[in-house]
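So the chains spell out like this:
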Amino acid sequence: MSLKCGIVGLPNVGKSTLFNCVSSSRAQSANFPFCTIEPNLGSTAVPDKRLDVLSEICKPQRTIPATVDIVDIAGLVKGASRGEGLGNQFLANIRETDAILHVLRCFDDGNVVHVDGSVDPVRDKEVVDTELQIKDLETVENRIKKVEKQATTGGDKDAKKLLSLLLRYREALSAGRSCRTVVPENAEEDQMRRDLFLLTDKPVLYVCNVDDASAVSGNAYVDAVREAVKDENAEILILAAKTEAEIAEIEEYEDRQMFIEELGLKESGVVRLIQSAYKLLGLQTFFTAGADECRAWTIRRGDKAPKAAGVIHTDFEKGFIRAEVMKYEDFVSLKTEAAVRAAGKMAIEGKDYVVEDGDIMHFLFNV
């Protein structure tokens, strides 16, 4: 599976600069609104030191990390839900993403214009939230009209359940709250929620773009954002996009790490961003490892063995027989698959096995 994150925010908050940091592409970054018109698409490897260790042991012909797709979407402005700026285009692009990386400007710089004339990340957040909520309310109202009759006069049980969820969404949106604040009551509602593709129901990571001096501990702007989102099911990440762009330009790993440590950081903001996005979406990694290839694969926490097999190829899931599973720590300690088997550490698992993060797996199948 491929994770797709959309970078959103007001114009000139650092979206395209951040995109350039995490992507192999180079989006245009300039000091004027709507510099980004068409969404920029890029892909970046998911940093995972375990894959490096496996490659060192196996010495495969190729090593393939998991990847994250990044979409840099045009800046949103007040009135986007009514088509202002590039509103309709913006909303269509964000609907296709799995998660939202909401960039908030948390730095002062007289040389970088702000579309509203002053720096206020909480106000900026509310502008974007409001526009998305208005669009979601429109979507929810339209769906209510369609299912209300089925639920009340047609006796459709599924329609009644969907109507109950939609009414709770309408109540939240009308009160200025995003759909992600409405918690599904059961697995059935959770699936209904996914099928609605509501903009404000997507997981969100607030990226506070700060100056160099605030990259480690943040600043008053970040504190204000943290207070504003304390009741949301969301996370905050602090990074200095301009500095991250400089880090991305350093080719040698040792030089890059030295620069990061000089800033007082343990790892780059890009690494923390991707790791946070994984956590946000409840994702984890399993590996396949051998002389031909070492590879990281992305699945959701709680996925069972056949589902993991299907990520490699649909035939693996259809004809799943069993999985051979090695724990990462056992393989690293014993160095070879044969040694793992000899030590009795190779587990044979069936269809009900819930894959754990870091599992090294081989699948047996028949189609």
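Each remark here, short or long, concerns the structure printed above.
All values reported here derive from a predicted model rather than from experimental measurement. (Residues numbered from 1 in each chain as written. Predicted model: local features only at pLDDT ≥ 70, side-chain atom pairs only at ≥ 80, totals over all residues. Heavy atoms only, no water.)

Peer 1: How would you summarise the overall build of the protein chain if you had to cite specific residues and measurements?
Peer 2: The helix and strand inventory of the protein chain stands at 14 helices and 12 strands. Counting across all 367 residues of the protein chain, residues that qualify as buried make up 48%. For the protein chain, the proportion of contacts with a sequence separation of at least 24, taken over those separated by at least 6, is 68%. A total of about 17,800 Å² of accessible surface is found on the protein chain, and carbon and sulfur atoms cover 49% of it. (Helix = DSSP H or I, 4+ residues; strand = E, 2+ residues; numbered from the N terminus. Buried < 20%, exposed > 50% of the residue type's maximum accessible area, 1.4 Å probe, protein only. Contact = heavy atoms within 4.5 Å. Areas by Shrake-Rupley, 256 points an atom, 1.4 Å probe, with all protein chains shown as cover.)

Peer 1: If you had to explain unusual backbone geometry to someone new, which residues and values would you point to?
Peer 2: Backbone geometry at Lys59 places phi at a positive 50°, although glycine is not the residue there. Along the polypeptide, Lys59 turns up in the loop between helix H2 (49–58) and strand S3 (62–64). Owing to a relative accessible area of 60%, Lys59 belongs among the exposed residues under this scheme. Here the phi dihedral of Lys335 falls at roughly 80°; this positive angle occurs in a residue that is not glycine. With respect to the helices and strands, the residue Lys335 is situated in the loop between helix H13 (328–334) and helix H14 (337–342). Judged by its relative accessible area of 46%, Lys335 falls in the partly exposed class.

Peer 1: Break down the pairing of strand S9 (residues 293–300) for me, citing the residues and quoting the values.
Peer 2: With 6 of its 8 residues buried, S9 lies for the most part within the structure. For S3 and S9, the ladder comprises 3 bridges, and the chain directions are parallel. By the bridge assignment for S9, Ile64 is matched with Arg295. Here strand S8 (residues 283–289) runs beside S9; their pairing, made up of 7 bridges, is antiparallel. Along S9, the bridge assignment pairs Phe286 with Trp297. Connecting S8 to the antiparallel partner S9 that follows it, the hairpin turn spans 3 residues. (Pairing = 2+ DSSP bridges.)

Peer 1: Break down the nonpolar core for me, citing the residues and quoting the values.
Peer 2: Counting 63 residues, the largest nonpolar core has Leu3, Cys5, Val68, Val207 and Leu273 as the members making the most contacts within it. In terms of residues, this core owes the most to one element, helix H10 (residues 269–281), which gives 7 residues. Not counting residues up to four positions away in its chain, the partners in contact with Leu3 are Thr67, Val68, Asp69, Asp98, Ala277, Tyr278, Leu281 and Leu283. Ala151, Leu165, Ala172 and Leu196 belong to the second largest nonpolar core, which has 17 residues in total. (Core = buried A, V, L, I, M, F, W, Y, C linked by side-chain atoms within 4.5 Å.)

Peer 1: Tell me about the sheet that holds strand S5 (residues 99–105), and name the residues and values.
Peer 2: Remark on secondary structure: sheet strands pair via backbone hydrogen bonds, oriented parallel or antiparallel. Sheet architecture is open: 6 strands sit in the order S2-S4-S1-S5-S6-S7, paired in mixed fashion. Single-partner strands in this sheet number two, and they are strand S2 (40–45) and strand S7 (235–239). In this sheet, neighbouring strand axes are inclined to one another by 25° on average, regardless of whether the strands run parallel or antiparallel. Sheet topology note: the strand S1 (residues 3–8)/S5 ladder contains 4 bridges and is parallel. If you follow Gly6 over to S5, its bridge partner there is Ile100. On top of the sheet, helix H7 (residues 220–228) reaches S5, strand S6 (204–209) and S7; it is set at about 170° to S7, its chief contact. (Axes fitted to C-alpha atoms, helices over the stretch in contact; angles between N-to-C directions.)

Peer 1: Can you break down the environment of Asp292 residue by residue, with the values?
Peer 2: As for its position among the elements, Asp292 is in the loop between S8 and S9. Judged by relative accessible area, Asp292 falls into the partly exposed class, the value being 49%. Separated by 230 residues in the primary sequence, Asp292 and Arg62 place their C-alpha atoms 6.6 Å from one another. Once residues lying within four places of it in the same chain are set aside, the contact partners of Asp292 are Pro60, Gln61 and Arg62.

Peer 1: Tell me about the environment of Lys125, and please be specific about residues and values.
Peer 2: In this fold, Lys125 is placed in helix H4 (residues 121–152). Residue classification places Lys125 among the buried residues on the basis of a relative accessible area of 7%. A polar atom in the side chain of Lys125 sits 2.4 Å from the side chain of Asp129. (Polar contact = N/O pair within 3.5 Å; in protein donor to acceptor, adjacent residues only side chain to side chain.)

Peer 1: So what's going on with the packing of aromatic side chains? Which residues, and what values?
Peer 2: One pass over the structure, following the stated rule, counts 4 aromatic pairs. Aromatic pair Phe286 and Phe363: ring centres 6.0 Å apart, planes at 90°, arrangement edge-to-face. One end of the pair, Phe286, is in strand S8; the other, Phe363, is in strand S12 (residues 360–365), and 77 residues separate them in sequence. Residues Phe286 and Phe363 agree in their burial class; the two are buried. (Phe/Tyr/Trp six-rings, centres within 6.5 Å; stacked < 30°, edge-to-face > 60°.)

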